[in-house]
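# Residue-level structure breakdown
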Amino acid sequence: MSSNCQMVPSFLDQDYRENAKSRAEIKLYDAFSSKLSKDFYVYYSQWWFNTLDPSIRQQDGEADFIIVHQDLGAIFIEVKGGIITRDDDGRWYSNKTNKIQDPIMQSRNCKYHFRRKFQKRYKEKFGNKRLISPYFAHFAFFPDSEKPMNKDLGEGLEIEQFGFKSDIEDLAKRIYDFFLYKPTGIETNQHDKLGEEGLEIFEDMFHKALDFTPKLSQRIKANAMKIDELTSEQKNLQNQFSH
């Protein structure tokens, strides 16, 4: 039995690995695969569509990584490659010139969306059971950037919400710290465990095979229709030659 975490997808095609735009994400994908234990489920590049709350302007988005643990809950991580900076007007950049979206805002939006989806699916699947309230939290990871010397990031951000290049060596510790994170001033984090039922919901959302092969009855019906069509064509030909 493998001692490594369960990755979804389980591997990345070579063509995808050669995509320079995904280099930072691939670096973390490989690190998660080799450094996290089998108790973790790591879902990479999961798209979402807003079907639950029309008041939210953003209609779709992507979660770079969703990491799930039966006892600890679920965390949502936005990854940004290159050297990341933010100016004093709150604009974020990669390598000084490439403007990027606010990574914490992105991961927070994913967290809220999937929490709503999780609650809806949980009610539908386990209707009579009490709705659980597991730990859901959002973070950002900059695998090419170093941790700043000044840990005061201003109001609304805390250094504990971020992962950096130096964290990759002991990545398991950084991920555990993410799961244990609570904002300054919050004394307790009282949450339910996800449990096996919670894991089922995530597997239903992100790890589902699809098969669009027609059923046998449908194939038989389609073949019968083809036979009827041929018979009709044969009758037309017979009528043409009979005149």
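Placed above this text is the structure.
This structure is a prediction, so every number in the text was calculated from the model and none was measured.

This next bit is on the environment of D71. One can find D71 in the loop between β3 (60-69) and β4 (73-79). Residues D71 and P134, spaced 63 residues apart in sequence, show a C-alpha to C-alpha distance of 8.8 Å.

Attention now goes to the sheet that holds strand β5 (residues 84-86). With respect to topology, 3 strands assemble into an open sheet ordered β5-β6-β7, the strand pairing being antiparallel. Edge positions in the sheet fall to β5 and β7 (98-100), since each has one partner strand and no second. Neighbouring strand axes in the sheet, compared pairwise and without regard to direction, differ in orientation by 35 degrees on average. In this sheet, β7 lies alongside strand β6 (residues 92-94) in antiparallel orientation, the contact comprising 3 bridges. Within β7, the residue paired with S94 across the bridge is N98.

Right, let's get into the packing of aromatic side chains. For the coordinates displayed, the defined rule picks out 25 aromatic pairs. Ring geometry for F118 versus F136: centroids 5.6 Å apart, planes at 65 degrees, classification edge-to-face. Taken together, the residues F118 in helix α3 (residues 103-125) and F136 in strand β8 (residues 136-142) connect sequence positions 18 residues apart. The exposure class assigned to F136 is buried, which follows from its relative accessible area of 8%.

In this model helix α5 (residues 195-206) runs 17 Å from its N-terminal to its C-terminal C-alpha over 12 residues, within 8% of the 16 Å that 1.5 Å per residue would give. Taken as a whole, α5 has its buried residues at G195, G198, L199, I201, F202, M205 and F206. Angular distribution of buried residues about the axis of α5 spans 150 degrees; they occupy a single face of the element.

Moving on, we come to the packing of α3 against α5. Packed helix pairs are characterised by how far apart their axes lie and by the angle those axes make with each other. It is the contact of α3 with α5, at a shortest axis distance of 10 Å, that shows an interaxial angle of 110 degrees. When the interaxial angle is binned, α3 and α5 end up roughly perpendicular. Crossing angle aside, the handedness with which α3 passes α5 is right-handed. Packed against α3, whose contacting residues are F114, K117, F118, R121, Y122 and K125, the element α5 presents E197, G198, E200, I201, F202, D204, M205 and F206 at the interface. Partitioning the contact of α3 with α5 into residue classes produces 7 nonpolar, 1 polar and 6 charged.

Here we come to the pairing of strand β2 (residues 40-49). Most of β2 sits inside the fold, with 7 of its 10 residues counted as buried. For β2 and β3, the ladder comprises 9 bridges, and the chain directions are antiparallel. Counted as the bridge partner of F49 is D60 from β3.

If you look at the biggest cluster of nonpolar residues, it comprises 28 residues, and the most contacted ones within it are F32, F65, I67, I75, I77 and I175. Breaking this core down by element, the ones donating at least two residues are α2 (23-35), β2, β3, β4, β8 and α4 (171-180). Residue contributions to this core peak at 6 residues, all from α2. When sequence neighbours within four positions are dropped, the list of residues in contact with I67 reads F32, L36, F40, Y41, V42, G73, A74, I75, I77, I175 and F179. The next biggest cluster of nonpolar side chains, apart from the first, holds 22 residues, and it includes W48, V68, F118 and F126.

Criteria and cut-off values
Residues numbered from 1 in each chain as written. Predicted model: local features only at pLDDT ≥ 70, side-chain atom pairs only at ≥ 80, totals over all residues. Heavy atoms only, no water. Helix = DSSP H or I, 4+ residues; strand = E, 2+ residues; numbered from the N terminus. Pairing = 2+ DSSP bridges. Axes fitted to C-alpha atoms, helices over the stretch in contact; angles between N-to-C directions. Phe/Tyr/Trp six-rings, centres within 6.5 Å; stacked < 30°, edge-to-face > 60°. Buried < 20%, exposed > 50% of the residue type's maximum accessible area, 1.4 Å probe, protein only. Expected span 1.5 Å × (residues − 1). Arc of directions from axis to C-beta. Parallel < 35°, antiparallel > 145°, perpendicular 65-115°, else oblique. Left-handed = near helix turned anticlockwise from the far one by under 90°. Contact = heavy atoms within 4.5 Å. Nonpolar A, V, L, I, M, F, W, Y, C, P; charged D, E, K, R; others polar. Core = buried A, V, L, I, M, F, W, Y, C linked by side-chain atoms within 4.5 Å.

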